[in-house]
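Below are the chains, spelled out letter by letter.
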Amino acid sequence: MIRFYFHPTPNPAKIALMLEEAGLPYEAIPVDTRKGDQHDPAFLAINPNGKVPAIIDTEGPAGPATRVFDSNAILLYLAERTGQYLGTPADRPELLSWLMFIASGLGPFSGQAVHFQHAAPAGLDYAVNRYRREVERHYTVLDQHLTDRRYIVGDTFTIADMSAWGWLERAPRVLKEDYPLERWPALDRFMHDINARPAVSRVQALMKRHAFKTDMDDQAQRALFPSNFPIHNREQLS
């Protein structure tokens with residue numbers, strides 16, 4: 001059994017998709033990040049970095065409580081554990097390259113674009129432009145790569161596609177446009193193909209199942225962006 005710690009955000013969505021695609025039994029455990037659940041000592045014992053997603057594999061190869069955190073690490077772990085969605089052995093260098101492209105580029109730049117457009121104080125035009133343009137550049141790299149291929153790596157659906165899907169699915173919020181991927185036709189086709197997979201609808205249902213806090217009030221600001229506040233102990237986050 002996999003204990004899957006999640007919030008309805010892009011990185012946990014990738015893991016939910018992998019769990020659903022692979023048919024792995026799992027328990028979805030909500031972590032309400034706007035309430036500060038990610039700072040609880042019990043969760044920090046699972047992910048010292050205090051972020052979702054994270055998993056505990058109760059039947060893992062390292063023992064009865066194998067923990068894994070960071071979305072791409074979890075994808076690799078689950079793919080290797082099940083032998084699914086890794087492509088062929090010859091695909092491995094390409095698979096790792098694109099996973100790192102997403103982990104170090106597409107993901108964090110998308111997250112910063114969201115932050116500076118939706119959460120940061122107004123007037124930070126340089127930061128908004130910087131992160132939006134980098135997101136657009138990453139989209140262009142992927143779009144050009146996908147022009148003559150269906151999947152990111154090899155000839156089959158892999159964890160690289162799942163990892164990209166998590167953030168691309170949020171493109172309207174990332175770029176503050178209703179239909180942003182129309183500018184990248186190969187990427188748009190790629191997303192339509194993935195969104196047609198039955199597992200995606202199950203992931204979307206899971207993400208709506210729990211009533212997470214939605215208000216961006218002082219509690220949420222302190223929980224999500226603690227470095228912005230003079231917080232000296234974790235008890236103030238709750």
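As the structure is a prediction and not an experimental result, all values here were calculated from the model. (Residues numbered from 1 in each chain as written. Predicted model: local features only at pLDDT ≥ 70, side-chain atom pairs only at ≥ 80, totals over all residues. Heavy atoms only, no water.)

### Re the side chain of Lys213
Looking at the element boundaries, Lys213 is found in the loop between α9 (198–207) and α10 (218–224). Residue classification places Lys213 among the buried positions, given a relative accessible area of 15%. A polar contact is formed between the side chain of Lys213 and the side chain of Gln219, at a distance of 3.4 Å. In contact with Lys213, other than residues within four places in its own chain, are Asp32, Arg34, Lys35, Gln219 and Ala220. (Helix = DSSP H or I, 4+ residues; strand = E, 2+ residues; numbered from the N terminus. Buried < 20%, exposed > 50% of the residue type's maximum accessible area, 1.4 Å probe, protein only. Polar contact = N/O pair within 3.5 Å; in protein donor to acceptor, adjacent residues only side chain to side chain. Contact = heavy atoms within 4.5 Å.)

### Some words on the pairing of strand β3 (residues 54–57)
Here is the key point about a regular strand: its side chains alternate between the two faces of the sheet. Judged by which residues are buried, β3 turns out to be covered on both faces: Ala54 and Ile56 on one side and Ile55 and Asp57 on the other are all buried. Inspection of the sheet shows β3 paired to strand β4 (residues 66–69) by 4 bridges, in the antiparallel sense. Paired with Ile56 across the bridge in β4 is Arg67. (Pairing = 2+ DSSP bridges.)

### Quick word on the nonpolar core
Within the largest apolar cluster, 61 residues are counted, with the highest numbers of intra-cluster contacts made by Leu78, Tyr139 and Ile159. Residue contributions to this core peak at 9 residues, all from helix α4 (residues 92–118). Residues Tyr5, Val31, Val52 and Ile56 belong to the second largest nonpolar core, which totals 8 residues. (Core = buried A, V, L, I, M, F, W, Y, C linked by side-chain atoms within 4.5 Å.)

### Some details on the sheet that holds β3
Strands belonging to one sheet form pairs held by backbone hydrogen bonds; the direction of such a pair is parallel or antiparallel. Pairing is mixed across the open sheet formed by 4 strands, whose spatial order is β2-β1-β3-β4. Two strands bound the open sheet, and with one partner strand each, they are β2 (26–30) and β4. Taken pair by pair, the neighbouring strands of this sheet meet at an average axis angle of 20°, ignoring direction. Pairing analysis gives 5 bridges linking strand β1 (residues 2–6) to β2, with the strands arranged parallel. Counted as the bridge partner of Phe4 is Ala28 from β2. In the packing of helix α1 (residues 10–22) onto the sheet, the strands contacted are β1, β2 and β3, and the crossing angle to β1 comes to about 150°. (Axes fitted to C-alpha atoms, helices over the stretch in contact; angles between N-to-C directions.)

### Some details on the UniProt feature "domain: GST C-terminal" (unreviewed entry) in the chain
Mapped onto this structure's residue numbering, the UniProt feature "domain: GST C-terminal" (unreviewed entry) falls at residues 88–216. Annotation note: span residues 88–216, helix share 65%, strand share 0%, distance between end C-alpha atoms 44 Å. (UniProt positions renumbered as here; feature names shortened; annotations may be inferred.)

### Structural notes on the confidence of the model for the chain
Here the chain shows a mean pLDDT of 94. Residues at 70 or above account for 96%. Segment residues 232–238: pLDDT under 50, and 12 contacts once partners within four positions in sequence are set aside and those in other chains are kept. (pLDDT = per-residue confidence, 0-100.)

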